[in-house]
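Working through the structure, step by step
Chain residues, written in single-letter form:
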Amino acid sequence: MAEDDTTPDLDAVVVGAGFAGLYMLHRLRGLGMSALVLERAGGVGGTWYWNRYPGARCDSESYYYCYAFSQELEQEWEWTERYPRQPEIKRYLDHVTDRFDLRRDIRFDTSVESARYDEDTRSWSVTTAAGDVLRCRYLITAVGCLSAANVPDIPGLDTFAGQWHHTGQWPHEGVDVRGARVGIVGTGSTGIQAVPVLAADAAHLTVFQRTANYSIPARNGPLSAEESATYKASYDEIRAVQAGSTNGHPFVVSDESALDAAPERREAIYRQAWERGGLRFRASFRDLLADADANETASEFLRDRIREVVDDPETAEKLVPHDHGFATKRPPIDTHYFETYNQPHVRLVDVKATPIEEIVPAGVRTSEGVHELDHLVFATGFDAMTGPLLSFEITGAGGTALREAWAAGPRGYLGLGVSGFPNLFTITGPGSPSVLTNMPTSIEQHVDWIADCLGHLRERGVDRIEAEPDAEREWGEHVQEAAEATLLPRAASSWYLGANVPGKPRVFMPYAGGFARYTRTCTAVAEDGYRGFALEPARTRV
Ligand code: N01
């Protein structure tokens, strides 16, 4: 309970109990701060709680898609596959929750409806859907970047006689598609994971593709005891490589240009990366994301692989991307995605050529007729980065709503703080590298920075911190410059730009300047007494 009406109930409220919220709670505890995590789901996991669609698996490898903060945890946890499936990651996060005794400070089935900053008390009032109000000094959002499902507004969806589901809101009891006619809309990372698994059970699968996509084979398999032991013995080196990397992955991007390599050598390098499989393909040459000609060499290599794998030339041509370069949209990895189109019961529908007109009780009507379906799956992605933060009402100093402040697109300082919103920290917020990196690595970096900052504020007797408008503006300009130095803003339909959500402002949201560079900047800001943030000492009360 509050000591008086100016002392908040808690030092911090954390919204979300995924990778970010769990570690944030652990660090707050370590600082001796009182904290509560509010989680709308019935369990921990965030992304890995909700995304239970067939084939849901991580594209990062298990030995580094995990926390680095505890050596004991690294050594005791056994991953079973090169790429962990959703249930395994969920088990891992449950294990972390119990191992660090976090559960008692997490309130499940608790949606946050609003959060309002009060200048008099320098605290936030957080209101839940049940009407409870919690007062805290600091509000820390750990809501993830890809948690607000984007279901397209297709006329007639409510008339569909079958079942439909978005992949990010998949029923926990599963969906039995055995013997059914299934349709799936979307061929991003999610759709590409789900298609082969749905095809294995469905009597007929129709894939509605709007934009053809590149994909690299995952080459998944069980993790042997030897591999696991090698990783465990090498964690110091693995973590050091991650910390110094562009994307938080434990691999180094080649310093060779794709344009300098002789064609045979270039082909051999791509071939080797293709055989190895996984996200590391994009590290083959230094300029794949910076130079359109260099990128085209990789794109063409991958187009040839699609033509090689897919038997029917007409289907293969529909699957070959031409409107964007490899990895200018988040590159998927797959297990037999393109091979799936060789199965007689799988059909590809190019909805740019034959657009979806409406959904009718029997299925999906495109301009070529009705595709009859029993189940329809929307693998149509998310209102990324800003969606989760705008899914509840955040009102800052002077009554400004975050929704208004971000009407023309998100702004913030380092992706961590927003001017006009004192004592708010946004883990992996817009303007941070987050989605361009291995997420747990970015999350830990943010959480550590926030925890160190809170420790600093307490030591200095400060109880109000706010990003300065100039620092925020300069950071926003730097984020745009960093993006412009890459090919990423050129992929017109990318969710990095908000282009997948009708009406969303087109702003390149993540920081593309690299994880290591970003970390150095954050460290320098902290060492410089939190340069760019206004810190105000606690008022003395008489
Ligand atoms: O979503 P997406 P996702 N009609 O937005 C199509 C992460 N992730 O869920 O490209 C027809 O990438 C849309 O078409 P277009 C990862 O960061 C991680 O697949 O906009 N089609 C596209 O094909 C990833 O990038 C893992 O033309 C419509 C698809 O739906 C992010 O999540 C695994 C449409 C959406 O692709 C999002 O991936 C999976 C419409 N109205 C995902 N609207 C890991 O392994 C949209 N589409 C950690």
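Residues numbered from 1 in each chain as written. Predicted model: local features only at pLDDT ≥ 70, side-chain atom pairs only at ≥ 80, totals over all residues. Heavy atoms only, no water.

A word on the environment of Phe19. Inspection of the secondary structure assignment puts Phe19 in helix 1 (residues 19–30). For Phe19 and Glu444, which are 425 residues apart along the polypeptide, the C-alpha to C-alpha distance reads 8.6 Å. (Helix = DSSP H or I, 4+ residues; strand = E, 2+ residues; numbered from the N terminus.)

This part covers the domain arrangement of the protein. Domain boundaries assigned for the protein yield domain 1 (10–148 + 383–537) and domain 2 (171–224 + 244–378). Just the C-alpha atoms count here: the centres of domain 1 and domain 2 sit 29 Å apart. Every contact between the two is made by 34 residues of domain 1 and, on the other side, 39 residues of domain 2. With both chains or domains summed, domain 1 and domain 2 bury close to 2900 Å², and 53% of this area falls on carbon and sulfur atoms. It is Asp59, Arg82 and Leu487 in domain 1 that bury the most area against domain 2; as a group they hold 24% of the surface buried on that side. On the surface where domain 1 and domain 2 come into contact, there are one salt bridge. Among the ionic pairs, Arg330 bridges to Asp59, the shortest N-O distance being 2.9 Å. The tally of links between domain 1 and domain 2 comes to 22 residue pairs in polar contact (both at pLDDT 80 or more). By residue class, the composition of the side of domain 1 that touches domain 2 is 17 nonpolar, eleven polar and six charged. (Domains from an automatic or database assignment. Contact = heavy atoms within 4.5 Å. Buried area = accessible area lost by both parts, 1.4 Å probe. Salt bridge = Lys/Arg side-chain N within 4 Å of Asp/Glu carboxyl O. Polar contact = N/O pair within 3.5 Å; in protein donor to acceptor, adjacent residues only side chain to side chain. Nonpolar A, V, L, I, M, F, W, Y, C, P; charged D, E, K, R; others polar.)

The next thing to look at is the packing of helix 1 against helix 14 (residues 439–459). The N-to-C vectors of helix 1 and helix 14 enclose an angle of 30°; their axes lie 9 Å apart at closest approach. Relative to helix 14, helix 1 is oriented roughly parallel. Considering only the axes of helix 1 and helix 14, their crossing is right-handed. Judged by residue contacts, Phe19, Ala20, Tyr23, Met24, Arg27 and Leu28 of helix 1 engage Pro440, Ile443, Glu444, Val447, Asp448, Ile450, Ala451, Asp452 and Leu454 from helix 14. For the contact of helix 1 with helix 14, the per-class residue count stands at eleven nonpolar, no polar and four charged. (Axes fitted to C-alpha atoms, helices over the stretch in contact; angles between N-to-C directions. Parallel < 35°, antiparallel > 145°, perpendicular 65-115°, else oblique. Left-handed = near helix turned anticlockwise from the far one by under 90°.)

Taken together, 24 residues lie near the ligand, and Asp59, Thr190, Arg210, Thr211 and Lys329 sit nearest. Here Thr190 contributes a side-chain N or O atom positioned 2.6 Å from an oxygen atom of the ligand. Considered on its own, the ligand offers 910 Å² of accessible surface; in the complex 88% of this is hidden by protein. Top contributing element to the shell around the ligand by residue count: helix 5 (residues 189–201), with three residues. (Near = heavy atom within 4 Å. Areas by Shrake-Rupley, 256 points an atom, 1.4 Å probe, with all protein chains shown as cover.)

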